[in-house]
Amino acid sequence: MMDEKFLKLESLRPEIAIVVGTRPGIVKFAPIIHALRNRALAHFVIHTGQHYSPNMDSQFFEDLELPASDYRLEGVADKTTHGGQTAAMLDGIERILMERRPQLVLMGGDANTNLAGALAARKLGIHVGHLEAGERCYDWQVSEEHNRRIIDHISDYLFTTSQKTGEYLNREAVQGKVVETGNTVVDASYQHLEIALCRYGDSIRQQLPPRSYAIMTTHREETVDYPERLRGMLAGAERVAKELSIRVVFLAHPRTQKRFREFELADWACNLAGVELRDGVGYLEFLALLAGARLVMTDSGGVQQEACIHRIPCITMNETTEWTETVEIGANRLVGTDPERISVGATEALRAKVDWQVPFGDGHAKEVAR
Ligand code: UD1
Ligand code: UDP
């Protein structure tokens, strides 16, 4: 059986495999996993092990009330190249799919985990469904852009978050069926805000009065992997803190912390005036911090969406974004990594109105499950 390279349609079982492995993937899929459970639709979850630190992984399962994943790949965390990491996940996912033979594999977003999941399924003849299909920044320097474009062109079902992304996919003449289902980050946010505030609201208010602080996150390869860009963002954070009299709470992703050490920036990063460096936090604590913030400074896709949903002004410290609708409605400003642009962008963001129409609908996991 193990030499079977392409599974026969009639040998597939009526169940869905969900592939997760990164912090944002767990967030996007949580509402869908709950919706599938409510409808008693047979499914199982494969965790690729791409993210593994408790504050990037198990804390998210706990906060989002998810059962443990059914499978967890070994040996992915120690891979340090895109090829090595993707290959290890592709191999591991393929083995599980050959044994379980689901009819459909779902993955969401644009991390290497998702590329591996889509490719493993496609090669075996299993249907592929991609959540957040059609997001584009049209910049080949962005490694997520490679993944999105490949996944979309090998998917059978492309679940989009907006009309605009559907248009991109039609323009690119993808073969699969494009279905506008909206954005499940919205479901996750609305479903958990109240519980987040109950659990963390008081303790946050004691340390950080509402609207007195900015939340900062960075981790994208095209920003933190370049010493001059990482230095620019640090200097930008210090300028924002000083010029806008605002405390900056910088929740540093493990990749960013690793680069601080490699580029010998760790001491400086820990001692910036008005900037408090912390480890990343779990989903509920993050939501509670975000809800009380005055400003968001980020390069994260998920955080740009969440800032828009909760009407917190956002500056994106990158040259491009796939979430262009947030920029078009005035909820987000692209400022790059230069300290001057970061400071000017933050000033403008704080002056602007926060009355934008949220472009992501009001929750769509049920629609994806249907
Ligand atoms: C990945 C995704 C990115 C996504 C991000 C979400 C790719 C190419 N990139 O980037 O699209 O936005 O996840 O957070 O798939 N590390 C830990 N603990 C962890 C995870 C990572 O210490 O739990 C460290 C390791 O040193 C690792 C480095 O962070 O080498 C980078 O991790 P990796 O998963 O390769 O990429 P991310 O930057 O997390
Ligand atoms: N997030 C979190 N704690 C943090 C930083 C981010 O819970 O300290 C959540 C955030 O709410 C969002 C998700 O992580 O849902 C975004 O993931 P990330 O920024 O790692 O990746 P991206 O969205 O850019 O792929």
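Data block above holds the structure.
The following refers to the structure shown. (Residues numbered from 1 in each chain as written. Chains lettered and ligands numbered in written order. Predicted model: local features only at pLDDT ≥ 70, side-chain atom pairs only at ≥ 80, totals over all residues. Heavy atoms only, no water.)

**Regarding the pairing of strand β2 (residues 43-47)**
Phase 1: For β2, the buried fraction is high: 4 of the 5 residues fall into the buried class.
Phase 2: Across 5 bridges, strand β1 (residues 13-20) lies against β2 in parallel orientation. Bridging across to β2, A17 finds its partner in F44.
Phase 3: Between the parallel elements β1 and β2, the chain passes through helix α1 (residues 23-38) in a crossover that is right-handed.
Phase 4: With 2 bridges connecting them, β2 and strand β3 (residues 71-72) associate as parallel partners. Note that in β3 the partner of I46 across the bridge is Y71.
Phase 5: Chirality of the crossover, the property in question, places the unit of β2, helix α2 (residues 58-63) and β3 among those that are right-handed. (Buried < 20%, exposed > 50% of the residue type's maximum accessible area, 1.4 Å probe, protein only. Helix = DSSP H or I, 4+ residues; strand = E, 2+ residues; numbered from the N terminus. Pairing = 2+ DSSP bridges. Right-handed = clockwise from strand over helix to strand, strands pointing away.)

**Some points on the site of ligand 2**
Phase 1: Around ligand 2 sit 16 residues, and of these R23, V281, S300, G302 and E306 come closest.
Phase 2: Take R23: an N or O atom from its side chain is 2.9 Å from an oxygen atom of ligand 2.
Phase 3: At a separation of 2.5 Å, an oxygen atom of ligand 2 approaches a polar side-chain atom of E306.
Phase 4: Against a free-state accessible area of 530 Å², the protein chains account for coverage of 95% of ligand 2.
Phase 5: Along the lines of polarity and charge, the residues of the shell around ligand 2 split into 7 nonpolar, 6 polar and 3 charged. (Near = heavy atom within 4 Å. Polar contact = N/O pair within 3.5 Å; in protein donor to acceptor, adjacent residues only side chain to side chain. Areas by Shrake-Rupley, 256 points an atom, 1.4 Å probe, with all protein chains shown as cover. Nonpolar A, V, L, I, M, F, W, Y, C, P; charged D, E, K, R; others polar.)

**Topic: the site of ligand 1**
Phase 1: Around ligand 1, 18 residues are found, and the nearest of them are H51, S53, N112, E144 and R255.
Phase 2: Taking H219, its side chain carries an N or O atom lying 2.8 Å from an oxygen atom of ligand 1.
Phase 3: Of all the secondary structure elements, the ones that give two or more residues to the shell around ligand 1 are α3 (82-100), α5 (143-153) and α10 (254-262).
Phase 4: Among the elements that make up the shell around ligand 1, the one with the highest residue count is α10 (3 residues).
Phase 5: Each residue belonging to the shell around ligand 1 can be placed in one class, and the counts come to 5 nonpolar, 9 polar and 4 charged.

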